[in-house]
Amino acid sequence: MSRPWVVAALFVDFGNDRGPVETHRPPRARYECVPCAYRSEVVTGPAAVAAFNATAAAAHRAVCPARQENHQ
C-alpha cells in the first residue's frame, strides 16, 4: 500500500473581529503547491477569501507545471 503524500495546502485564517479594535484582523488565505513550489499571494477580506477558497486548487491544478510533466 502506498503512503498518502501532501501535495498542496490551502491555508485559511478566519481573522479576529472580537476584543479591542487594535487586535482586529480580516480573514486571509493562501495556497501552496509542493511539487512545483508555487505559493500564491495572500488574499484578504471575507468576500475575497470565500471566492479564493472556492477556486484556488482547481485553478492552479489546471496550470501546474509539475502536474503537466507527470501526466503527459
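Residues numbered from 1 in each chain as written. Predicted model: local features only at pLDDT ≥ 70, side-chain atom pairs only at ≥ 80, totals over all residues. Heavy atoms only, no water.

Asks: What exactly am I supposed to notice about the nonpolar core here?
Replies: Most often, soluble globular proteins keep nonpolar side chains buried together rather than apart. Of all hydrophobic cores here, the largest spans nine residues; its members are Ala29, Tyr31, Cys33, Val43, Val49, Phe52, Ala56, Cys64 and Ala66. Excluding its chain neighbours within four sequence positions, the residues that come into contact with Ala29 are Phe11, Val12, Glu41, Val42, Val43, Val49, Phe52 and Asn53. (Core = buried A, V, L, I, M, F, W, Y, C linked by side-chain atoms within 4.5 Å. Buried < 20%, exposed > 50% of the residue type's maximum accessible area, 1.4 Å probe, protein only. Contact = heavy atoms within 4.5 Å.)

Asks: Would you mind going over a nonpolar patch on the surface with me for this structure?
Replies: Together, Leu10, Val12 and Phe14 give the surface a local cluster of nonpolar side chains, amounting to about 300 Å² of exposed area. The residue Leu10 is located in strand 1 (residues 8-13) in this model. (Patch = residues over 30% accessible without salt bridge, like charges linked within 9 Å, V, L, I, M, F, W, Y side chains within 5 Å. Areas by Shrake-Rupley, 256 points an atom, 1.4 Å probe, with all protein chains shown as cover. Salt bridge = Lys/Arg side-chain N within 4 Å of Asp/Glu carboxyl O. Helix = DSSP H or I, 4+ residues; strand = E, 2+ residues; numbered from the N terminus.)

Asks: Is there a simple way to explain the environment of Ala8 in this structure?
Replies: Structurally, the position occupied by Ala8 is in strand 1. With a relative accessible area of 32%, Ala8 lands in the partly exposed category. Linking Ala8 and Tyr31, residues 23 residues apart in sequence, is a C-alpha distance of 7.4 Å. Those residues in contact with Ala8 that lie beyond four places of it in its chain are Tyr31, Glu32, Cys33 and Val34.

Asks: Looking at this model, I keep getting lost on the side chain of Asp13. Mind explaining?
Replies: Residue position: Asp13 is located in strand 1. Judged by relative accessible area, Asp13 falls into the buried class, the value being 18%. There is a polar contact of 3.0 Å between the side chain of Asp13 and the side chain of Arg25. Aside from chain neighbours lying at most four places away, what touches Asp13 is Arg25, Pro27 and Arg28. (Polar contact = N/O pair within 3.5 Å; in protein donor to acceptor, adjacent residues only side chain to side chain.)

Asks: Looking at this model, I keep getting lost on the packing of aromatic side chains. Mind explaining?
Replies: Aromatic ring pairs are reported here in terms of the distance separating the ring centres and the angle at which the planes meet. One pass over the full model with this rule turns up zero aromatic pairs. A cation over an aromatic ring shows up here: Arg30 above the ring of Phe11, its NZ or CZ 4.2 Å from the ring centre. (Phe/Tyr/Trp six-rings, centres within 6.5 Å; stacked < 30°, edge-to-face > 60°. Lys NZ or Arg CZ within 6 Å of the ring centre and 35° of its normal.)

Asks: Explain the environment of Val21 here, please?
Replies: Tracing the backbone shows Val21 in the loop between strand 1 and strand 2 (28-33). Through-space distance from the C-alpha of Val21 to that of Cys36 is 39 Å; in sequence the pair is 15 residues apart.

Asks: Looking at this structure, I do not really get the environment of Val49. What am I missing?
Replies: Residue position: Val49 is located in helix 1 (residues 46-63). The exposure class assigned to Val49 is buried, which follows from its relative accessible area of 5%. Placed ten residues apart in sequence, Val49 and Arg39 show a C-alpha to C-alpha distance of 16 Å. Apart from the residues lying within four places of it in its own chain, the contact partners of Val49 are Val12, Pro27, Arg28, Ala29, Val43 and Thr44.

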